[in-house]
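Spelled out from the first residue to the last, the chains are:
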Amino acid sequence: MPNVLSINSLVKYYGKHLALSEVSFDVKKGEVFGLIGPNGAGKSTTLRCILGLIKKTSGSIKIFDQPIDGNEKKLRKRIGYLPSECNFYGEMKVIDVLNYSKELYKTKSMEIEPLAERLNLDLNKRIEDLSYGNRKKVGIIDALLSGGDLFIFDEATGGLDPLIQEEFFQILEDLKQQGKTIIYSAHVLSEVQRLCDKVGIIKDGKLIKVEEVDKLREINLKKVSLTTKDTTLENFANIFDYKRDKNKISFTYNGDEKTLLNKLLTCNFKDLTIENPSLEEIFLKYYEKE
Ligand SMILES: Nc1ncnc2c1ncn2[C@@H]1O[C@H](COP(=O)(O)OP(=O)(O)OP(=O)(O)O)[C@@H](O)[C@H]1O
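Everything quoted here is computed from the prediction, not taken from an experiment.

A. Expanded view of the site of the ligand. What surrounds the ligand is the set Y14, H17, A19, G37, N39, G40, A41, G42, K43, S44, T45 and S84. Residue contributions to the shell around the ligand peak at three residues, all from helix α1 (residues 43-50). Here the residues of the shell around the ligand sort into three nonpolar, eight polar and one charged.

B. Up close: the sheet that holds strand β13 (residues 248-254). The four strands are arranged β12-β13-β11-β14 in an open sheet whose pairing can be described as antiparallel. Each edge of the open sheet carries a strand with a single partner, namely β12 (239-245) and β14 (270-275). Mean inter-strand twist for the sheet, computed between neighbouring axes without regard to direction, equals 10 degrees. For strand β11 (residues 221-227) and β14, the ladder comprises four bridges, and the chain directions are antiparallel.

C. Region of the structure containing the nonpolar core. Core analysis: the largest hydrophobic core is formed by 63 residues, its most contacted members being I140, I141, I152 and Y184. No other element matches the six residues that helix α5 (residues 132-145) contributes to this core. Ignoring anything within four residues of it in the chain, the contact list for Y184 reads V32, F33, G34, L35, F153 and V192.

D. The environment of G205, seen in detail. Position of G205 among the secondary structure elements: in the loop between β9 (198-203) and β10 (206-212). Counting along the chain gives 159 residues from G205 to T46, while the straight-line C-alpha distance between them is 8.9 Å. If we skip the residues at most four places from it in the chain, G205 touches L18, A19, L20, S21 and G42.

Conventions and cut-offs
Residues numbered from 1 in each chain as written. Predicted model: local features only at pLDDT ≥ 70, side-chain atom pairs only at ≥ 80, totals over all residues. Near = placed C-beta within 6 Å. Helix = DSSP H or I, 4+ residues; strand = E, 2+ residues; numbered from the N terminus. Nonpolar A, V, L, I, M, F, W, Y, C, P; charged D, E, K, R; others polar. Pairing = 2+ DSSP bridges. Axes fitted to C-alpha atoms, helices over the stretch in contact; angles between N-to-C directions. Core = buried A, V, L, I, M, F, W, Y, C linked by C-beta atoms within 7 Å. Buried ≥ 20, exposed ≤ 12 C-beta atoms within 10 Å, placed from the backbone. Contact = placed C-beta atoms within 7 Å.

By themselves these figures say nothing about function.
Encoded structure:
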């Protein structure tokens, strides 16, 4: 599949503050890419640079194989974008804001009413009377109306209740089925792991690692906890995060399962649990040193 987005050595300074340092990654057509990182990591800055809304300091960004420099306006018309802060004219009604957007995009895009129904949004309210979460819904529909081939959602789920979040994920899955490319930023991987094909972890302006979600799933870590008087487990091979509180032991294991079970059978244990860690835990475990 061709790349929809290619970023090479992207650097962004705000004055003297280095916000992005040599960020490089590609997103292929039809992929869902999750950009994950804590507050201030550089997610919004990366996304705004991609859209040409702020000027990068150096590096190159290509969308649909065209450099963004000089093509910002043309390219933005092909991208549905939800900013992290949604600002619309407060006095306008939701339906008028969205009709105006639909008119601007001039593409055969989705219909407003069914989307508003799915997200439980009252189209007749004024923007200024909406809660934070409901404003976010207006932003989501606005992005979807673009009818483009690339969608960029910057922290879309903040303020959405769990049922609406689920509906939103369904909408994203529909877009994925249609072969659209989606870039999605979030604080935690667990929020988006179900949708993403690939994730990039960003920290202090550096992209620590880009990994395919399926590869993360293949990593065979087990979280083990048990009660035992045995003290030899601590030095057992392939064990880390070992914790002991009296006879209660917990650790993470990265190795052959039969070897682990044979060892446990020698430990005269009670209350054994063996769990699969979340993708988030796997990611952090594997890449915390990088
Ligand atoms: N307009 C600005 N002027 C100066 N510094 C900025 C500006 N915007 C962002 N920064 C700084 O750049 C860094 C990256 O910020 P950015 O908003 O991209 O992070 P983020 O990962 O999106 O965070 P959050 O999850 O809190 O939205 C932070 O240190 C932030 O303080």
